[in-house]
Protein chains: 4
Amino acid sequence: MSIKTTSAVPALLERFNQIRKRTEIICSPLEPEDTVVQPIVDVSPPKWHMAHTSWFFETLILKPYLPGYEIFHPQYAYLFNSYYNSLGSRVLRHQRSTLTRPPLREVLAYRKYVDEHVNRLLQELSDEELEQFRPVLELGLQHEQQHQELLITDIKYIMGTNPMLPAYQPQPAHPKQSIATPARFLEVPGGKYKIGYQGSGFCFDNELGVHEVQLEDFEIMNRLVTNGEYLEFMHDGGYGDFRHWLDEGFTLVKEQHLEAPLYWVKQDEEWHRFTLYGLEKVDLNDPVCHLSFYEADAFANWSGKRLLTEFEWEAATQAYPPQQGNFVESGLLEPAAADPAKEGVQQLFGDLWEWTYSAYHPYPGFSKAPGPIGEYNGKFMINQMVLRGGSCATPESHIRATYRNFFHPDKRWQYTGIRLATKK
Amino acid sequence: MSIKTTSAVPALLERFNQIRKRTEIICSPLEPEDTVVQPIVDVSPPKWHMAHTSWFFETLILKPYLPGYEIFHPQYAYLFNSYYNSLGSRVLRHQRSTLTRPPLREVLAYRKYVDEHVNRLLQELSDEELEQFRPVLELGLQHEQQHQELLITDIKYIMGTNPMLPAYQPQPAHPKQSIATPARFLEVPGGKYKIGYQGSGFCFDNELGVHEVQLEDFEIMNRLVTNGEYLEFMHDGGYGDFRHWLDEGFTLVKEQHLEAPLYWVKQDEEWHRFTLYGLEKVDLNDPVCHLSFYEADAFANWSGKRLLTEFEWEAATQAYPPQQGNFVESGLLEPAAADPAKEGVQQLFGDLWEWTYSAYHPYPGFSKAPGPIGEYNGKFMINQMVLRGGSCATPESHIRATYRNFFHPDKRWQYTGIRLATKK
Amino acid sequence: MSIKTTSAVPALLERFNQIRKRTEIICSPLEPEDTVVQPIVDVSPPKWHMAHTSWFFETLILKPYLPGYEIFHPQYAYLFNSYYNSLGSRVLRHQRSTLTRPPLREVLAYRKYVDEHVNRLLQELSDEELEQFRPVLELGLQHEQQHQELLITDIKYIMGTNPMLPAYQPQPAHPKQSIATPARFLEVPGGKYKIGYQGSGFCFDNELGVHEVQLEDFEIMNRLVTNGEYLEFMHDGGYGDFRHWLDEGFTLVKEQHLEAPLYWVKQDEEWHRFTLYGLEKVDLNDPVCHLSFYEADAFANWSGKRLLTEFEWEAATQAYPPQQGNFVESGLLEPAAADPAKEGVQQLFGDLWEWTYSAYHPYPGFSKAPGPIGEYNGKFMINQMVLRGGSCATPESHIRATYRNFFHPDKRWQYTGIRLATKK
Amino acid sequence: MSIKTTSAVPALLERFNQIRKRTEIICSPLEPEDTVVQPIVDVSPPKWHMAHTSWFFETLILKPYLPGYEIFHPQYAYLFNSYYNSLGSRVLRHQRSTLTRPPLREVLAYRKYVDEHVNRLLQELSDEELEQFRPVLELGLQHEQQHQELLITDIKYIMGTNPMLPAYQPQPAHPKQSIATPARFLEVPGGKYKIGYQGSGFCFDNELGVHEVQLEDFEIMNRLVTNGEYLEFMHDGGYGDFRHWLDEGFTLVKEQHLEAPLYWVKQDEEWHRFTLYGLEKVDLNDPVCHLSFYEADAFANWSGKRLLTEFEWEAATQAYPPQQGNFVESGLLEPAAADPAKEGVQQLFGDLWEWTYSAYHPYPGFSKAPGPIGEYNGKFMINQMVLRGGSCATPESHIRATYRNFFHPDKRWQYTGIRLATKK
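Everything quoted here is computed from the prediction, not taken from an experiment.

Cut-offs applied
- Residues numbered from 1 in each chain as written.
- Chains lettered and ligands numbered in written order.
- Predicted model: local features only at pLDDT ≥ 70, side-chain atom pairs only at ≥ 80, totals over all residues.
- Helix = DSSP H or I, 4+ residues; strand = E, 2+ residues; numbered from the N terminus.
- Rg over C-alpha atoms; globule rule 2.2 N^0.38 Å.
- Buried ≥ 20, exposed ≤ 12 C-beta atoms within 10 Å, placed from the backbone.
- Pairing = 2+ DSSP bridges.
- Axes fitted to C-alpha atoms, helices over the stretch in contact; angles between N-to-C directions.
- UniProt positions renumbered as here; feature names shortened; annotations may be inferred.
- Expected span 1.5 Å × (residues − 1).
- Arc of directions from axis to C-beta.
- Least-squares fit on C-alpha atoms with pLDDT ≥ 70 in both.
- Contact = placed C-beta atoms within 7 Å.
- Nonpolar A, V, L, I, M, F, W, Y, C, P; charged D, E, K, R; others polar.

Participant: I keep staring at the overall build of chain A and nothing clicks. Help me out?
Facilitator: Each helix and strand counted, chain A has 10 helices and 13 strands in total. Against the globule reference of 22 Å for 424 residues, chain A gives a C-alpha radius of gyration of 22 Å, in line with a compact fold. Split into buried and exposed, the 424 residues of chain A put 48% on the buried side.

See the structure below:
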């Protein structure tokens with residue numbers, strides 16, 4: 001983590017309270033019953049997310065820095081540690097869903113208790129005193145924002161795999177009328193590019209190790225791949241033709257009988273998709289969403305194009321600075337169609353995380369911090385692929401052009417999509 | 001099912017309302033969060049039990065017999081059918097825990113809706129009209145009582161596998177002071193015995209096919225095996241000595257590292273057990289509980305005795321008519337120590353289901369009813385062992401000397417215990 | 001084991017040499033490659049069978065009774081112990097197929113070495129000296145005969161799951177011309193029957209505990225169910241109709257997409273079956289073979305009849321003493337059609353093991369011998385069903401009316417078939 | 001594939017015959033029984049390797065190019081296709097071990113038949129006619145060499161997991177006396193490097209797409225990591241300290257109870273390792289071998305160094321041209337200690353495949369050939385890591401500085417080792 005901010009305590013406190021509040025707003029439409037389950041191992045119970053993010057502040061801020069702090073409950077460290085070996089034993093990940101207690105009510109009390117104590121700690125602080133734990137506090141806020149995005153994707157999975165397909169929120173007030181935006185490929189010149197975070201704000205350790213890469217000329221698609229384009233792939237027998245697929249992806253397709261993106265349902269011979277406001281018809285101009293890397297790569301092969309590497313993606317943001325994106329703040333919680341009136345490369349930020357054909361590996365010179373913070377990113381640098389750009393479930397203040405998200409190539413429950421590239 | 005009762009409608013209606021109410025009383029100490037989960041496939045979410053028993057009445061009584069009845073929700077048949085192929089497709093058993101919706105609140109509304117309509121149906125009925133569905137209604141009530149017992153065992157499992165070991169109810173008011181009752185073996189003479197239900201009340205189809213069996217003389221233990229006796233087996237290395245065990249049982253012991261009954265926890269070098277009122281020290285005079293058939297059989301082998309067959313058990317009730325038992329109505333929800341002052345064979349009814357060394361197979365002349373009722377018992381007559389006598393979680397009005405309960409030999413989450421026999 | 005014979009040493013030695021020789025004859029058509037594999041866990045590599053049966057004699061006869069005997073190889077005890085915990089650790093069952101060494105050649109040398117030493121031991125013996133280990137020697141011979149039958153079923157599986165469907169032996173010289181034998185049901189009167197072995201020859205411990213059972217009148221089918229009758233069940237949609245099936249059986253049918261007996265293959269719209277002499281058309285009059293208990297029971301339910309219990313089966317042999325059977329000595333290695341000219345109940349002995357609706361449990365008074373012999377039968381008395389009568393792969397001298405074979409209800413690779421019963 | 005050779009037919013024919021012969025020499029010490037098994041899914045039966053490589057020539061050379069060629073057996077295409085979807089259905093990979101037929105004898109006849117026909121085809125050929133299939137023939141030879149290496153590693157696994165630990169060959173005549181070579185780190189200057197195959201001989205398609213990469217200065221270890229160094233890691237508790245490990249690697253370590261490299265066995269308190277000539281004491285100066293990527297990376301972290309990327313490795317060969325290596329031709333079949341007398345970077349070629357921290361992904365501009373050849377490499381470009389340099393089981397003529405081998409990060413049965421790098 002590299003943190004070199006200079007803002008004073010009050011602003012930080014306000015931001016802390018806003019971000020913490022936001023988590024509770026996300027969960028407010030839920031029934032207590034919704035907050036317990038874990039239908040697949042990737043999804044964590046919402047109640048667990050709410051407690052785990054609080055445990056992070058309690059363990060890394062309050063216990064070491066607030067004199068006389070008494071922990072809320074002696075067993076919570078065991079229940080709500082996610083994966084930090086440095087911080088002791090814990091409930092196994094796949095058993096999170098068996099924990100009906102503490103109930104939501106007590107988790108909310110836990111959040112309140114932690115928030116009050118963080119407020120008490122910060123209110124009495126000079127900027128000098130703040131400096132000793134400010135990086136960890138900042139990390140805690142970024143961490144909470146990451147879990148806010150996971151909360152949305154996990155809630156969508158919980159709702160979307162219930163046969164009743166319950167809505168999480170009403171349809172946004174002004175339903176969009178989408179218009180087609182023709183696909184174009186825009187040039188990005190080859191050469192030497194600097195990769196990694198060079199600013200003075202917050203970034204994760206995996207963005208550090210700024211280094212140069214040598215790229216060849218390539219062209220980038222001006223928008224994300226649409227449902228209409230993906231339907232062509234489907235109608236052309238894309239899921240049944242091994243030639244487009246990586247071998248492990250094709251094996252998965254056959255084993256799981258995949259034939260469409262996650263959440264797609266055929267009703268009365270027409271494709272629909274589950275959204276957080278219920279089932280709706282597939283809009284041909286919307287970006288296609290909830291795909292695995294395997295599906296993204298197979299589509300690219302079928303189309304005669306390819307995915308970008310993460311370096312090409314980052315270089316493209318230098319050639320085409322990202323425009324304002326469709327982030328969680330829009331309240332849409334689904335990707336939106338591109339705008340035919342706009343020039344340049346759209347949707348680089350927001351809408352959908354874009355699968356790149358780059359493994360999530362350390363940059364040159366990457367090093368892990370000692371202690372629990374060092375377990376945050378580095379130990380996951382194998383078997384996962386990098387995604388870039390944030391999504392409609394990402395807080396706007398959370399994203400950067402250098403931000404590296406990562407998932408295993410078979411995962412589909414995140415807001416993931418396809419951006420194509422081609423040789424010049 | 002054999003049903004030959006003559007009671008009038010009002011009494012039946014009162015019984016219906018009492019039994020239905022009882023289910024809700026059992027669930028009343030639960031948080032909504034407790035009602036969703038399924039930590040192992042054997043355990044069903046309490047919310048599911050409550051809805052499923054209502055679906056039974058809706059499907060088999062209200063839809064066919066209440067003119068103009070409108071079902072509560074079109075998807076509930078899919079969500080809450082347990083295993084009736086005759087009644088259509090359904091949520092797979094192991095996926096019951098992913099269903100956060102309908103929430104508990106709506107399940108309670110469903111119960112109310114069904115109850116009101118059953119009340120409406122019954123209130124307008126003559127005894128003659130009642131006769132056409134009375135057997136199914138009676139079966140529905142027996143079915144609800146079976147699920148009441150499962151609710152208690154499932155709630156115990158949900159609480160007992162939570163690291164916080166939450167209590168379901170306060171400790172009963174007058175904590176018992178247990179006294180040892182010496183083990184004695186009482187004679188049951190051999191000869192021809194009539195097996196199966198011969199009365200005029202309700203019984204399940206698996207109790208029919210009354211037939212004679214020829215038994216040899218044997219002796220039956222005057223009470224259930226105690227924790228103290230079982231601890232001797234444990235201290236003697238019982239879990240580690242293959243000679244006592246059936247091969248599949250010993251494999252299980254090694255794979256799952258079993259070394260004590262379910263819910264036993266060693267704290268400060270002393271054995272405790274989880275009860276529905278929290279963790280308590282193991283009482284040496286209480287019956288040992290939550291054992292698999294494998295453990296029961298291994299203990300019997302170690303002790304130089306054996307388990308009874310279900311026929312011997314039923315014959316014993318003819319020689320020693322069961323005394324009043326410790327059923328769910330006692331509120332104890334745990335087995336109680338035998339009474340040294342009592343003569344004869346104690347604890348045949350209540351306290352613990354007793355594993356017999358009899359497979360759950362059809363009696364001679366067994367036949368399944370046509371339609372869904374025929375799926376109630378017969379299709380499970382393989383790979384399961386018979387248990388007899390009811391437990392501290394069984395409603396007293398639900399038990400009979402001919403009642404055949406059945407579970408796979410590895411199951412431990414029911415209130416199961418050991419009764420020994422020996423040759424004369 | 002109960003052994004009370006008085007024959008002299010020479011006859012025993014000749015029998016020993018004949019039985020040992022027979023195992024090698026069974027394996028003589030095999031390639032060395034055939035003797036290594038284990039396509040499913042139930043099937044053991046033929047090489048393993050040959051070594052294991054030798055290990056039995058080496059361990060239980062030569063080591064304790066031949067002074068100065070030196071074991072053939074120090075690691076063979078580890079490699080070729082099957083399941084005797086008393087005799088030390090061993091290769092796990094499912095890993096038998098990874099053992100390419102010792103090669104067949106050395107296993108045959110091992111057999112020769114053991115045989116020579118048993119011969120040496122026996123040749124110098126008085127009848128009195130023989131008595132001390134004669135029961136174990138007899139058990140070793142019975143054990144070898146059991147493995148001879150397993151060798152045939154295992155070889156059939158190895159050949160029958162190879163896409164090349166290689167023949168093990170040429171078609172028997174005079175191909176049979178089968179004729180239909182009408183099904184008839186013959187009366188067996190109810191009453192008290194004595195069950196268990198009462199003779200003076202060899203029997204297994206599981207046949208002891210002679211006891212009486214009380215049976216009702218029933219009728220037994222005069223022959224085994226035929227392929228033609230089973231095809232009617234198949235054509236009537238038998239595999240797709242849950243009403244005929246035990247629930248665990250129907251689950252298996254769906255999971256494994258079962259639609260015909262094991263080894264049945266449809267070619268050019270006609271059903272064929274793999275035999276040890278290659279693929280041949282299904283003969284409608286032959287007994288249907290290679291069925292699980294689930295299939296046998298489902299067929300019985302579909303036909304409106306039922307399977308016998310093992311007690312009824314044994315009683316039937318008292319009413320209808322078994323006629324000469326089609327055993328391994330016929331060289332057919334497949335069941336043969338019934339003979340329409342014959343009276344009474346045919347095929348009770350030989351042709352096919354008949355599934356009974358009786359769990360493999362101990363008879364009253366059953367007790368295990370101390371030491372390894374006690375592990376022979378008793379520890380398997382759970383979750384298995386009894387089969388009676390022997391098959392076309394059983395040595396004729398091995399069968400008795402009281403003989404209890406046992407397999408899990410899903411097993412199909414043995415020569416198993418269906419005998420029906422009905423109430424009078 | 002890029003193939004631009006000009007050698008005449010006779011030389012090619014001689015090479016064909018030599019390479020084909022070599023496969024049979026590798027298998028000549030085996031018993032027929034050794035050639036059937038597949039103890040883990042990664043290992044293929046030696047018999048299968050021998051047949052599969054012949055099927056490759058039959059399918060891609062003889063069938064299309066030898067007029068009137070009759071295939072050896074109609075089912076071999078089904079039995080011996082590995083993973084080419086273009087070439088039809090096939091035996092599933094994990095079922096290769098159930099195929100006892102065709103026996104080794106017939107597989108050798110198949111090889112002879114194919115060889116004779118390839119000889120006939122080539123003998124009558126002009127250089128011009130050869131050109132139309134020369135690239136595929138060359139690929140077939142490279143493919144056969146790859147399977148020769150797999151044969152050795154698979155044979156080692158088959159022998160090394162047999163409790164008898166049989167030797168495949170006698171210990172080489174002059175047992176080596178190893179001497180320590182101190183570790184040194186030699187500079188490789190940063191800058192732009194050209195990556196990929198630029199020569200005119202054979203290379204695989206995954207080496208094409210020559211492109212530039214920008215590297216920073218780094219230092220490379222002068223030899224492979226030794227057993228002695230790895231033992232220090234082990235003695236320091238390396239397998240038990242999560243801080244050194246990637247998370248998925250540490251999970252594996254705990255699940256599989258790993259505590260040493262594959263084939264290491266502790267006997268009498270001393271570490272031994274299984275080699276193809278039996279068990280021998282671990283030599284501290286030999287390179288440590290049979291490690292997963294996880295182990296290699298954990299060791300690097302523990303040592304405060306890191307693994308190279310595949311680009312750094314290839315750049316290092318430009319700075320330090322590889323010296324003569326210990327390849328399969330040495331007959332050693334184990335890595336040998338470095339030579340303290342040598343300058344520069346040793347063991348880049350031969351001894352052990354070196355894990356790099358680079359995912360096996362396509363180079364820029366990578367494209368797959370149409371048809372079955374296109375399935376050779378590209379479809380595996382996910383979830384695997386690149387290894388470089390060949391091993392003591394690799395034919396010398398098979399390696400190049402640009403050669404990219406690839407395995408999943410958990411694999412240990414190949415001859416894999418560790419080369420460290422560090423920042424300047």
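We are not done yet, so read on.
Participant: Whenever I open this one, the sheet that holds strand β6 (residues 270–275) of chain A confuses me. Can you help?
Facilitator: Whenever strands of a sheet pair, they do so through backbone hydrogen bonds, lying parallel or antiparallel. Residues and elements named next belong to chain A. Strands sit in the order β5-β6-β7 across an open sheet of 3 strands; the sheet is antiparallel. Where the open sheet ends on each side, the last strands, each with one partner, are β5 (264–267) and β7 (278–281). Ignoring strand direction, the axes of neighbouring strands in this sheet form an average angle of 40°.

Participant: Just to check I follow, could you spell out the UniProt feature "domain: DinB-like" (unreviewed entry) in chain A for this structure?
Facilitator: The UniProt record annotates "domain: DinB-like" (unreviewed entry) at residues 16–149 of chain A. The span residues 16–149 of chain A shows a helical share of 58% and a strand share of 0%, and its end C-alpha atoms are spaced 17 Å apart.

Participant: Honestly, helix α1 (residues 9–27) of chain D in this entry has me stumped. Any pointers?
Facilitator: In an α-helix, one turn spans 3.6 residues, which is why side chains three or four residues apart end up on the same side. Residues and elements named next belong to chain D. Here α1 spans 28 Å end to end across 19 residues, near enough to the 27 Å set by a 1.5 Å rise per residue. Buried within α1 are the following residues: Phe-16, Ile-19, Arg-20, Thr-23 and Ile-26. Along the axis of α1, the buried positions cluster into a sector of 120°, meaning they face one direction only. In α1, those exposed residues whose orientation departs by more than 90 degrees from the buried face are Pro-10, Ala-11, Glu-14, Gln-18, Lys-21 and Ile-25.

Participant: Sorry if this is basic, but what is going on with the relation of the copies chain A and chain B here?
Facilitator: Each of the two copies of the chain can be brought onto the other by a rotation about an axis and a shift along it. Screw-axis analysis of chain A against chain B gives a translation of 0.0 Å along the axis, an RMSD of 0.0 Å, and a rotation angle of 180°. Within this description, the copies of the chain are treated as partners about a two-fold rotation axis. Taking C-alpha positions as the reference, the residue of chain A nearest the rotation axis is A:Glu33, at 2.5 Å. Interface residue correspondence from chain A to chain B reaches 100%, placing this contact among same-surface, isologous pairings.

Participant: I keep staring at the relation of the copies chain D and chain A and nothing clicks. Help me out?
Facilitator: Rotating chain D by 180° and translating it 0.0 Å along the rotation axis places it on chain A, where the RMSD comes to 0.0 Å. Counting the interface residues of chain D, we find that 100% of their copies in chain A are interface residues as well, pointing to one common contact surface.

Participant: What is the right way to read the interface of chain D and chain A from this model?
Facilitator: Accessible area lost on assembly of the parts is the figure often given for the size of an interface. Between chain D and chain A, the contact holds 23 residues from the first and 23 residues from the second. Looking at the side of chain D that touches chain A, the elements that each hand over two or more residues are β3 (211–215), α8 (247–255) and β9 (353–359) of chain D. Considering every element that reaches the side of chain D that touches chain A, the biggest residue donor is β3(D), with 4 residues. Of the residues assigned to the side of chain D that touches chain A, the class counts are 10 nonpolar, 6 polar and 7 charged.

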